[in-house]
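# Report on the structure
Spelled out, the chains give:
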Amino acid sequence: MARKFQRFGPIYREKLGVYESINIISPRDAATLFRSEGMMPERFSVPPWVAYRDYRNKPYGVLLKTGEAWRSDRLTLNKEVLSPRVVEGFVPLLSQVGEDFVRRARAQVQKSGRERWTADFSHELFRFALESVCHVLYGERLGLLQDFVDPEAQRFIDAVTLMFHTTSPMLYLPPALLRGLNARTWRDHVHAWDAIFTQADKCIQNVYRDLRLQRKGSREYGGILSSLLLQDKLPLDDIKASVTEMMAGGVDTTSVTLQWAMFELARSPGTQEQLRAEVLAAKNQAAGDRVKMLKSTPLLKAAIKETLRLHPVAVTLQRYTVQEVVLQDYRIPPKTLVQVGLYAMGRDPEVFPKPEQFSPERWLLPGSKHFKGLSFGFGPRQCLGRRIAELEMQLFLMHILENFKIETKRAVEVGTKFDLILLPDKPIYLTLRPL
Ligand code: HEM
Ligand code: 2DC
């Protein structure tokens, strides 16, 4: 896309299989698009994901619902997943998982006998991410940062990766064709979703049963699922569908972003020191209170934004126009698929001066953000897991920076590949060295 924008300019039309889209790159056009998106925005609906649910007769969650059905589910979920009131309550749950990661890393350092731990952390981070999202969803720990890892949890992690991986070759096939297909990719895709749904269902049943048997103290916060069940505003099937999506959506997204963040910090030791100074000062001031600390670590937050600028999870954002929209000199008719080239935008020198430089401070300049920080999407359809993801990543990096220096071999360049989400094209080796 970056090359095509260079060749054709900031707006071009493209045909992808049976789908046609208008692609844009400028923050101004993105602003125009999102400002006209209406109350029930729709993005490109990934055909194999829809096809699987239809094939197995599973209800859609917010990811795939549209119209009023999407809106009412989404409003109920927002209150339990995004609202500032509940989000603060996630902090201790997520911080605990971060502390456990540090404990595990220290044990690995000990085991190595070399005062450091060098590894490709992707699998560790997958487990960290699943542990984190499950702690806020179910109010329970899975124990994935211990030495023994439950094989079922590992199967879930592998299933999510396989699900993404098998989506991309089928991305632009029409669902009707997909259903009739008995190709290897489709079968693997079905197996992957089956494993995801089975495992999520077990977790959901556990919480449901504990709630009915009143095993949980009714005072303490029991996680997102408990709240949703107790509220009784959504039918059980809809709760299950969206909770399953959150559980699956919470693994690869935050873990790769953290991997990239550590990689960038390892390559910019100066920036890493600045962040560490900020975190340690905040810790002193807040006497260890993590909620307070998060209010005085702007550079840490900027570092995550900067990581997602260079390494977004989603290659594009998409919307179907609901009314005519004028972008540049073009009139875009209603019901047109428009894609914002998020990856290309993040690396466009017109939008971000010296785009190749990892520099979190750029986000602290006034007026620097206008429709540029779009990594989680925009508006009422933006990422439902945004606040969970942000807190999880901020707390993880806090704990790491308080305890370790992050290092990497300087010469290695790592590119990006498309596996439905964007991923590093080779393993990233990092070293954690106790401070
Ligand atoms: C949607 C990015 C983590 C669950 C999205 C979208 C983006 C995105 C770009 C589309 C938004 C739009 O169309 O405007 C990210 C990034 C993450 C992340 C960058 C982490 C670094 C998570 C997590 C969860 C999650 C942890 C689950 C807790 C979802 C769901 C949707 C979504 C359910 C669909 C929402 C809807 O259609 O109403 N995400 N995500 N994501 N994300 Fe995330
Ligand atoms: C993939 O051309 C490329 O957050 C397509 O947590 C357009 C497209 C549409 C929707 C995007 C998808 C891309 C990438 C992955 C995203 C997805 C919407 C939500 C999903 C960005 C850019 C993701 C990873 C969710 C996934 C939840 C799922 C596992 C239940």
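Our structure's up above, just so we're on the same page.
To keep things clear, this report deals only with the structure shown in the data block. The structure displayed is predicted, hence computed values, not measured ones. Starting from 1, residues in each chain are numbered consecutively following that chain's sequence as written. Chain letters and ligand numbers both follow the written order, the letters beginning at A and the numbers at 1. It should be noted that, the model being predicted, local features are given only for residues of pLDDT at least 70 and side-chain atom pairs only at 80 or more, the latter also being counted only at that level, while totals for whole chains, interfaces and linings use all residues. Side-chain metrics rest on all non-hydrogen atoms present in the structure, leaving aside hydrogens and water.

## Observations regarding the environment of R141
Checked against the element boundaries, R141 lands in the loop between helix 6 (122–138) and helix 7 (151–167). Only protein chains enter the accessibility calculation, which uses a 1.4 Å probe; a residue whose area is less than 20% of its type maximum is buried, one above 50% is exposed, and one in between is partly exposed. Classification of R141 as partly exposed rests on a relative accessible area of 29%. Taking the C-alpha atoms as reference, R141 lies 9.4 Å from L93; in sequence the two are 48 residues apart. Contacts of R141, omitting those with residues within four sequence positions, involve Q96, V97, D100, E131 and H135. Throughout this description, a polar contact denotes any pair of N or O atoms lying within 3.5 Å of each other; where both atoms belong to protein, one of them has to be capable of donating a hydrogen while the other can accept it, and for residues adjacent in sequence the pair is counted only when both atoms sit in side chains. Reaching out from R141, the side chain makes a polar contact with the side chain of Q96 at a distance of 2.9 Å. Separated by 2.5 Å, the side chains of R141 and E131 make a polar contact. Helix numbers and strand numbers start at the N terminus; a helix is a DSSP run of H or I with at least 4 residues, a strand a run of E with at least 2. Residues are treated as being in contact if the distance between any of their heavy atoms lies within 4.5 Å.

## A few points about the state of the cysteines
A covalent bond between the sulfur atoms of two cysteines is what we call a disulfide. By convention in this document, the label disulfide applies to cysteine sulfur atom pairs within 2.5 Å. Tallied over the entire structure, the rule returns 0 disulfides. Sulfur of C134: no disulfide; nearest cysteine sulfur belongs to C203 and is 5.3 Å away.

## What to know about the packing of helix 3 (residues 47–56) against helix 9 (residues 184–212)
To describe two helices that pack against each other, one gives the angle between their axes and the distance between the axes. With axes taken as lines fitted to C-alpha atoms, and helix axes fitted only over the stretch in contact, angles between N-to-C directions fall between 0 and 180 degrees. Orientation of helix 3 relative to helix 9, taken along the N-to-C sense of each, is 70 degrees, at an axis distance of 10 Å. On the basis of the axis angle, helix 3 is roughly perpendicular to helix 9. Here helix 3 contributes P48, W49, A51, Y52, R53, Y55 and R56 to the contact with helix 9, which in turn contributes W186, H189, V190, W193, D194 and F197. Three categories are distinguished: nonpolar for Ala, Val, Leu, Ile, Met, Phe, Trp, Tyr, Cys and Pro, charged for Asp, Glu, Lys and Arg, and polar for the others, with Gly belonging to the last. Here the residues of the contact of helix 3 with helix 9 sort into 9 nonpolar, 1 polar and 3 charged. In this scheme, roughly parallel covers angles under 35 degrees and roughly antiparallel covers those over 145, while 65 to 115 is roughly perpendicular and the rest are oblique.

## Re empty space enclosed by the protein
Cavities and pockets are found on a 1 Å grid laid over the protein atoms alone: a cavity is a set of points where a 1.4 Å probe fits but cannot escape, a pocket is an open set with protein on both sides within 12 Å along at least five of seven lines, and a lining residue has an atom within 4 Å of such a point. Grid points are joined across faces, edges and corners, and a volume is the space filled by probe spheres set on the points. The full count for this structure, using the stated rule, is 2 cavities of 30 Å³ or more. Each pocket or cavity is described by its volume, and for the largest cavity that value is around 60 Å³. What lines the largest cavity is simply L308, R309, L342, M345, G346, F352, W363, K372, L374 and S375. Ranked by residue count, the leading element in the lining of the largest cavity is helix 16 (residues 342–346), at 3 residues. Residue classes in the lining of the largest cavity are distributed as 6 nonpolar, 2 polar and 2 charged. The wall of the second largest cavity is formed by L33, S36, E37, R319, Y320, T321, V322, Q323 and V325.

## Thoughts on the pairing of strand 11 (residues 429–434)
Here, any two strands with at least 2 DSSP bridges between them count as paired. In the sheet, strand 3 (residues 117–120) pairs with strand 11 via 4 bridges, with the strands oriented antiparallel. Paired with D120 across the bridge in strand 11 is Y429. Judged from the 4 bridges that link them, strand 8 (residues 404–407) and strand 11 form a sheet pairing that is antiparallel. By the bridge assignment for strand 11, K405 is matched with R433.

## Here's the deal with the site of ligand 1
Any residue with a heavy atom lying within 4 Å of a molecule or strand is counted as near it. Every one of the 29 residues lining ligand 1 counts as a neighbour, but R43, R74, R319, R381 and C383 are closest to it. At 3.3 Å from an oxygen atom of ligand 1 is found a main-chain nitrogen or oxygen belonging to V62. Between an oxygen atom of ligand 1 and a side-chain N or O atom of R74, the distance comes to 2.7 Å. Elements with a contribution of two residues or more to the shell around ligand 1: helix 4 (67–81), helix 11 (236–249), helix 12 (252–267), strand 4 (317–320) and helix 17 (386–403). Taken together, the residues of the shell around ligand 1 sort by class into 16 nonpolar, 9 polar and 4 charged.

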